[in-house]
Structure formats: structure tokens, C-alpha cells
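The residues making up each chain are set out below.
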Amino acid sequence: WQFDESLVRDTFIALSEAGVDVMEIGYQTSPGFYDRAQVGPWRFCNEEDLRRVCVDTKMKVSCMLDIGRIEVKDLRPANDSVVDVLRVATYADDIEEAVSLLHAAKDLGYEVYCNVMAVTGCSPQQVDHFLSILHDSSVDNIAVVDSFGAMYPHHVRYLMRKYKNWLRPEQCVGVHLHNNQET
């Protein structure tokens, strides 16, 4: 997270000119979790830093939020931010806290996404549990997440069907994959 502002700005402009819809710049983290000097500015994505690198374009700006490392009080309303999208990373055991944060962010005007990480380490019952909670939430976007790059195509197909069967038809299902299996 220690990229120079000029690199982030140039990347932002290049992606925008290329027609990319969304650029995730980094994380938003509450003060006190990390030493900014050690981890770099893009672990915090302060509004002042973002305004120096984001130019006015149609491309949306996204930041990631880790459950347990951000508090709702540290989020500003979307209409007072260059950030449009917040993607919440959580583990299955923290799904209630994640949904609470996602609802608060949505109420602040953000487009929200939920990534339940390490799904390959979950039992089928754990997956059913977090999907039932997401089904009953107002979260519009949920991703099948292969945190460890352990999935083969048949795993992805199985989980995509499972997510789509559990979630409401208007909830979008995406994927976040790592290619450790080279498939």
C-alpha cells in the first residue's frame, strides 16, 4: 500500500481512459489499526489522498473494508466522498457484523459488495448459514470468494449454483478467484 501518488493517479487515468467501470484503490481502515508510515496511505484511503489522485470521470472508485478494522463512525456519506463502492471482506463467522456494516454503508449512499472469504474452508452448513443471512439482508452484491486459489472449475460451478439458489433473484452473484491451480 505504499504506491506513489503519481503512480496511483496515472493508473486511475489509464483505467478510466480504457473504459474500466470500477477501480478499487485500496482499503479504508479506522485509525489505530496500522502505522500509516509503515503500511502506506492506500491501507487507509483517506479522502484527502483520494482527492489528489482521482480525477472527475465516469469510472467508479472502490475501497475494501475488513471486518474488525473499520468502524461505521469512520465512514463518511457517499455524497461527501470520491468513493462510490465499498466491498466488505469477512469470514463466515463474522457475517452478522459484516451485514450490519454493509447496511450502514448502503444507508450512507454507497454501492456495497460482500465477499465472504475462505469459502473453501467452510462446511456446507456454514455456507448455508451465511447465505441465509445474506438472503434476508439488503445487500445487493455477493461474491463467491476463493481466497486460497484452491478451487477447480467444478467447485466454482457448484458454489455459483448454491449461491444463486439461496439468494434472492435480484441479488447479484460474482466471483473473486485466485488462479493457484492454473485452471
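Residues numbered from 1 in each chain as written. Predicted model: local features only at pLDDT ≥ 70, side-chain atom pairs only at ≥ 80, totals over all residues. Heavy atoms only, no water.

(A) Main features of unusual backbone geometry. Positive phi, close to 45°, is recorded for cysteine 45, a residue that is not glycine. If you trace the backbone, cysteine 45 turns up in the loop between helix H2 (36-39) and helix H3 (47-53). Assessed through its relative accessible area of 3%, cysteine 45 is described here as buried. Even without glycine at this site, glutamate 182 takes up a positive phi of about 55°. Examined against the element boundaries, glutamate 182 turns out to sit in the segment after strand E6 (172-176). We classify glutamate 182 as exposed; its relative accessible area is 65%. (Helix = DSSP H or I, 4+ residues; strand = E, 2+ residues; numbered from the N terminus. Buried < 20%, exposed > 50% of the residue type's maximum accessible area, 1.4 Å probe, protein only.)

(B) Representation of the packing of aromatic side chains. For the structure shown, the criterion picks out two aromatic pairs. A cation over an aromatic ring shows up here: arginine 43 above the ring of tryptophan 1, its NZ or CZ 4.8 Å from the ring centre. Here arginine 43 stacks its cationic end above the ring of tyrosine 27, 3.9 Å away from the centre of that ring. (Phe/Tyr/Trp six-rings, centres within 6.5 Å; stacked < 30°, edge-to-face > 60°. Lys NZ or Arg CZ within 6 Å of the ring centre and 35° of its normal.)

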